[in-house]
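These are the residues of each chain, in order.
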Amino acid sequence: MADWSHGYVAGSTYDIAWQAAQTPAHMAMVCAAAGVDWQPRSHMTIADIGCGRGYAANTMAAANPDWTVIGIDHNPAHVAEAMQTAARAGLGNTLFLEADLAALDEAGLERIPPLDVVMIHGVWSWVSDEVRAGIVRLLARRLKPGGLAYLGYNALPAAGVDLALQRLLRHLAGPVGTLPGQAEAAAALAVERLRGMAEHLPLRDSPMRRRLLADPPVLAPGFVAHEFLTSHWRPVFFEDLCAALGPAKLDFVGSSNLFEAVPELVCDAAQLEVMRKLPPGPPREFLKDVCLPRAFRADVFIRGGRHVDPVQALDAILLGAQAPIPEESPVLATGSGRAAVPQPAWEAIATALAEGPQPLGALRRRADQTMHPAEILALLVGTDLVLPMFRPPITGQAATRFNIAAAAIHAPQGEGSGHFALASPVAAGGVPATALDLALVAALLQGADPEDPASLARQLQPGLSPESQERAAEIIEERWSERIPVWRRFGIL
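These notes cover the structure that comes with them. Each chain has its residues counted from 1, running along the sequence as written. Where local features are concerned, this predicted model is filtered to residues with pLDDT of at least 70; where side-chain atom pairs are given and counted, the filter is 80 or more; whole-chain, interface and lining totals use all residues. In computing side-chain values, all of the structure's heavy atoms are included and hydrogens and water are not.

1. Looking at the overall build of the chain
Then comes step 1: Secondary structure assignment for the chain yields 20 helices and 15 strands.
Then comes step 2: Computed over C-alpha atoms, the radius of gyration of the chain comes to 23 Å, within 12% of the 23 Å expected from 2.2 N^0.38 for 493 residues, which places it in the range of a compact globule.
Then comes step 3: Using a 1.4 Å probe on the protein chains alone, a residue whose accessible area is under 20% of its type maximum counts as buried, one over 50% counts as exposed, and one in between counts as partly exposed. A buried classification covers 53% of the 493 residues belonging to the chain.
Then comes step 4: By sequence separation, contacts in the chain at least 24 residues apart represent 76% of the contacts at least 6 residues apart.
Then comes step 5: Note on areas: Shrake-Rupley with a 1.4 Å probe; residue coverage comes only from the protein chains shown. Carbon and sulfur atoms make up 54% of the accessible area of the chain, which totals about 20900 Å².
Then comes step 6: His residues and chain termini do not enter the charge count, which takes Lys and Arg as positive and Asp and Glu as negative. The atoms used to mark charge sites are NZ of Lys, CZ of Arg, CG of Asp and CD of Glu. Here the chain carries 39 positive and 52 negative side-chain charges, and the mean point of each set is 5 Å from the other. What counts as a helix is a DSSP run of H or I of at least four residues, what counts as a strand is a run of E of at least two, and both are numbered from the N terminus. The size measure is the radius of gyration over C-alpha atoms, and the globule rule it meets is 2.2 Å times the number of residues to the 0.38 power. For this analysis, residues touch if any pair of their heavy atoms sits within 4.5 Å.

This is the structure:
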């Protein structure tokens with residue numbers, strides 16, 4: 001392993017994996033549910049620590065041309081790709097830095113402007129103590145008073161079941177090289193060896209173990225390399241993370257899983273009774289971690305916040321449908337159970353959303369005023385039906401350029417692996433998208449006729465047989481019918 005990587009796997013590349021939870025738009029909903037006064041502003045400076053290939057940073061820069069978006073990563077290959085994408089999309093409000101946070105001195109910290117939001121997704125659990133200390137120094141020195149920090153990390157106790165599995169995979173992988181492809185090859189070898197011996201090992205069952213052994217495989221070697229072959233992978237207890245962040249004066253706001261703001265959606269009656277006897281804060285969060293079988297937490301913190309009435313803050317959130325509205329009330333799996341809006345209330349909500357974007361308070365008044373707005377919001381957002389809206393439905397030149405560039409880079413012929421987003425000025429972030437969605441939006445932005453899906457099918461994949469092109473045209477027509485209203489609603493078209 002190269003010395004500069006501090007034991008982290010540096011020779012492989014993740015697929016793009018857009019995470020709506022790490023965006024300021026989603027953080028605003030977490031704050032509202034907690035009764036914390038915070039909203040995205042027209043001018044902000046945000047940083048993505050461990051930005052990887054820069055997709056999230058570039059998406060948010062394209063959606064918010066008046067923001068300054070800084071991506072920081074220790075891997076020069078990642079930084080180079082992020083910069084190239086920004087240049088191709090003509091984004092003048094991004095800055096990508098190659099930096100080793102373990103070695104970033106005071107002069108280096110001072111070169112980073114004061115930050116309104118810091119996003120740290122999938123970093124804390126995978127890096128050395130020295131890098132963790134560098135993250136805290138950056139937060140303490142550069143995050144503004146009133147600024148937000150998002151951290152996504154592997155959490156105990158649930159992630160503890162995979163500690164032995166991770167150590168075993170490192171042994172099975174053997175030496176991990178630093179040249180392109182070597183880490184993926186080592187990960188593939190480790191998984192192959194694990195498959196051959198798994199039935200003879202009394203390893204505890206876990207969702208990750210089942211994913212590793214799935215047939216056909218569901219995990220890319222690059223993901224396995226990043227997830228398991230780093231020498232520093234250590235899940236943490238929530239309260240230990242809070243203690244580590246203490247020097248940065250950060251206060252816990254809430255989980256990015258919005259349903260966790262409603263204890264009744266997390267715990268049964270007996271568990272709730274125990275929770276009420278525990279002090280607020282880390283003890284109650286620990287009980288949630290015991291009750292929820294999830295190995296990954298995503299939390300929002302604030303560096304000094306002002307409290308407001310959470311009902312008023314929630315009621316003011318404007319929501320727009322990002323998916324077709326089902327007739328039946330959608331069900332949210334919380335990990336400890338399943339929850340849904342009662343069907344009569346859902347019918348009123350569905351009717352209102354079909355009319356257009358609605359404040360959460362209006363949905364609540366039309367549905368069931370006995371339901372807390374945090375519960376309604378958690379169910380709507382958690383089932384991927386709505387996104388918050390911060391601007392009127394206008395398109396943006398930067399978003400258009402980025403969406404066209406993203407399609408060319410990641411979805412040639414309408415195909416590509418990863419979880420993407422389309423830059424949306426309305427959502428102040430991204431609307432989740434498939435590779436096909438990227439290609440379809442780019443085609444429409446460049447003049448394709450939505451009434452002629454057959455022409456686009458021939459353009460995207462000219463080598464298909466006539467029968468296959470006919471089926472491709474049907475798929476495009478179906479997708480356009482479903483998604484074009486959403487893309488217009490969120491200012492993508």
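2. Considering a negative patch on the surface
Then comes step 1: Only residues whose relative accessible area exceeds 30% and that form no salt bridge are eligible for patches; like-charged ones are grouped when within 9 Å, while nonpolar side chains (Val, Leu, Ile, Met, Phe, Trp, Tyr) are grouped when within 5 Å. By salt bridge we mean one thing: a side-chain nitrogen of Lys or Arg within 4 Å of a carboxyl oxygen of Asp or Glu. A contiguous patch of negative charge on the surface is contributed by Asp449, Glu451, Asp452 and Glu477.
Then comes step 2: Within the secondary structure, Glu477 sits in helix α20 (residues 466–489).

3. Quick look at helix α6 (residues 163–173)
Then comes step 1: Of the residues making up α6, those classed as buried are Leu165, Gln166, Leu168, Leu169, Leu172 and Ala173. Burial along α6 is one-sided: seen end-on, the buried residues are contained in an arc of 165°.
Then comes step 2: Looking one or two residues beyond α6, the residue adopting positive phi is Gly174, at roughly 70°. Arc, as used here, means the arc of the directions from the helix axis to the C-beta atoms.

4. As for the packing of aromatic side chains
Then comes step 1: Here is the rule: rings of Phe, Tyr and Trp (six-membered ring for Trp) pair when centre to centre is within 6.5 Å. Planes less than 30 degrees apart are stacked, more than 60 are edge-to-face, and the remainder are tilted. One pass over the full model with this rule turns up six aromatic pairs.
Then comes step 2: Here Phe228 and Trp233 contribute two aromatic rings whose centre-to-centre distance is 6.3 Å and whose plane-to-plane angle is 50°, an arrangement assigned as tilted. The pair Phe228 / Trp233 is uniform in exposure class, with both members buried.

5. Brief notes about the layout of surface pockets
Then comes step 1: Only protein atoms enter the calculation, which uses a 1 Å grid: trapped sets of points that fit a 1.4 Å probe without letting it out are cavities, open sets showing protein on both sides within 12 Å along at least five of seven lines are pockets, and any residue with an atom within 4 Å of a point is a lining residue. Grid points are joined across faces, edges and corners, and a volume is the space filled by probe spheres set on the points. Quantified by volume, the second largest pocket comes out at close to 570 Å³.
Then comes step 2: Along the wall of the second largest pocket there are 27 residues; nearest its centre are Phe252, Val253, Ala261, Glu285 and Lys288.
Then comes step 3: Elements with a minimum of two residues in the lining of the second largest pocket: α1 (24–34), β7 (251–255), α11 (269–276) and α12 (282–291).
Then comes step 4: Sorting elements by how many residues they give to the lining of the second largest pocket places β7 first, with five residues.
Then comes step 5: Per-class residue counts for the lining of the second largest pocket are 13 nonpolar, six polar and eight charged. Lys, Arg, Asp and Glu make up the charged group, whereas Ala, Val, Leu, Ile, Met, Phe, Trp, Tyr, Cys and Pro make up the nonpolar group; the residues left over, Gly among them, are polar.

6. Section: the sheet that holds strand β12 (residues 358–359)
Then comes step 1: Pairing between strands is defined by DSSP: at least two bridges between the two strands are required. Sheet architecture is open: three strands sit in the order β12-β9-β13, paired in antiparallel fashion. Two strands close off the open sheet at either side, each with one partner strand: β12 and β13 (386–388).
Then comes step 2: Of the pairings in the sheet, the one linking strand β9 (residues 318–321) to β13 comprises three bridges and is antiparallel in character. Residue Ala321 lies in a different strand from β13, and its bridge partner there is Val386.

7. Description of the sheet that holds β7
Then comes step 1: One open sheet holds the seven strands; their spatial order is β4-β3-β2-β5-β6-β8-β7, and the pairing between them is mixed. Lying at the two open borders of the sheet, with one neighbouring strand each, are β4 (94–98) and β7. The average undirected angle you get between the axes of adjacent strands in this sheet is 20°.
Then comes step 2: Direction of pairing for strand β2 (residues 45–49) relative to strand β3 (residues 68–73): parallel, over a ladder of five bridges. Its bridge partner lying in β3, Ala47 is registered against Ile70.
Then comes step 3: To obtain each axis, a line is fitted to C-alpha atoms, and for helices this fit is confined to the stretch in contact; angles are then taken between N-to-C directions over 0 to 180 degrees. Each of β2, β3, β4 and β5 (115–121) is contacted by helix α2 (residues 55–63), which is oriented at about 160° to β4, the strand it contacts most.
Then comes step 4: On top of the sheet, helix α3 (residues 76–89) reaches β3 and β4; it is set at about 165° to β4, its chief contact.

8. Things to note about the pattern of salt bridges
Then comes step 1: A complete count under the given rule lists 22 salt bridges for this structure.
Then comes step 2: The partner of Asp116 in a salt bridge is Arg41, with the nearest N and O atoms 2.3 Å apart. Taken together, the residues span a long stretch of sequence, with Asp116 in strand β5 and Arg41 in the loop between α1 and β2 at a distance of 75 residues.
Then comes step 3: Where Arg234 meets Asp129, a salt bridge forms, and the shortest distance between an N and an O atom there is 2.7 Å.

9. Here's the deal with the side chain of Asp73
Then comes step 1: Here Asp73 is to be found in strand β3.
Then comes step 2: Among buried charged residues, Asp73 stands out as having no salt bridge; its nearest opposite-charge side chain is Arg53, 10 Å away.
Then comes step 3: Identification of polar contacts relies on pairs of N or O atoms within 3.5 Å, with a donor-acceptor requirement for protein atoms, meaning one able to donate a hydrogen and the other able to accept it, and with residues adjacent in sequence counted only if both atoms are side-chain atoms. A distance of 3.4 Å separates polar atoms of two side chains, one belonging to Asp73 and the other to His78.
Then comes step 4: Excluding residues that lie within four positions of it along the chain, Asp73 makes contacts with Gly50, Cys51, Gly52, His78, Val79, Leu97, Glu98 and Ala99.

10. Some remarks on the packing of α11 against α12
Then comes step 1: Two elements in contact, α11 and α12, have axes whose closest approach is 9 Å; the angle formed by their N-to-C orientations is 160°. The pairing of α11 with α12 is recorded here as roughly antiparallel in orientation. For the crossing formed where α11 meets α12, the hand is right-handed. Contact residues: α11 offers Gln271, Val274, Met275 and Arg276, while α12 offers Arg284, Leu287, Lys288 and Cys291.
Then comes step 2: Across the contact of α11 with α12, the residue classes break down as four nonpolar, one polar and three charged. Working rule for angles: under 35 degrees goes down as roughly parallel, over 145 as roughly antiparallel, 65 to 115 as roughly perpendicular, anything else as oblique. Put simply, a crossing is left-handed when the front helix is turned counterclockwise from the back one by less than a right angle, and right-handed when it is turned clockwise.

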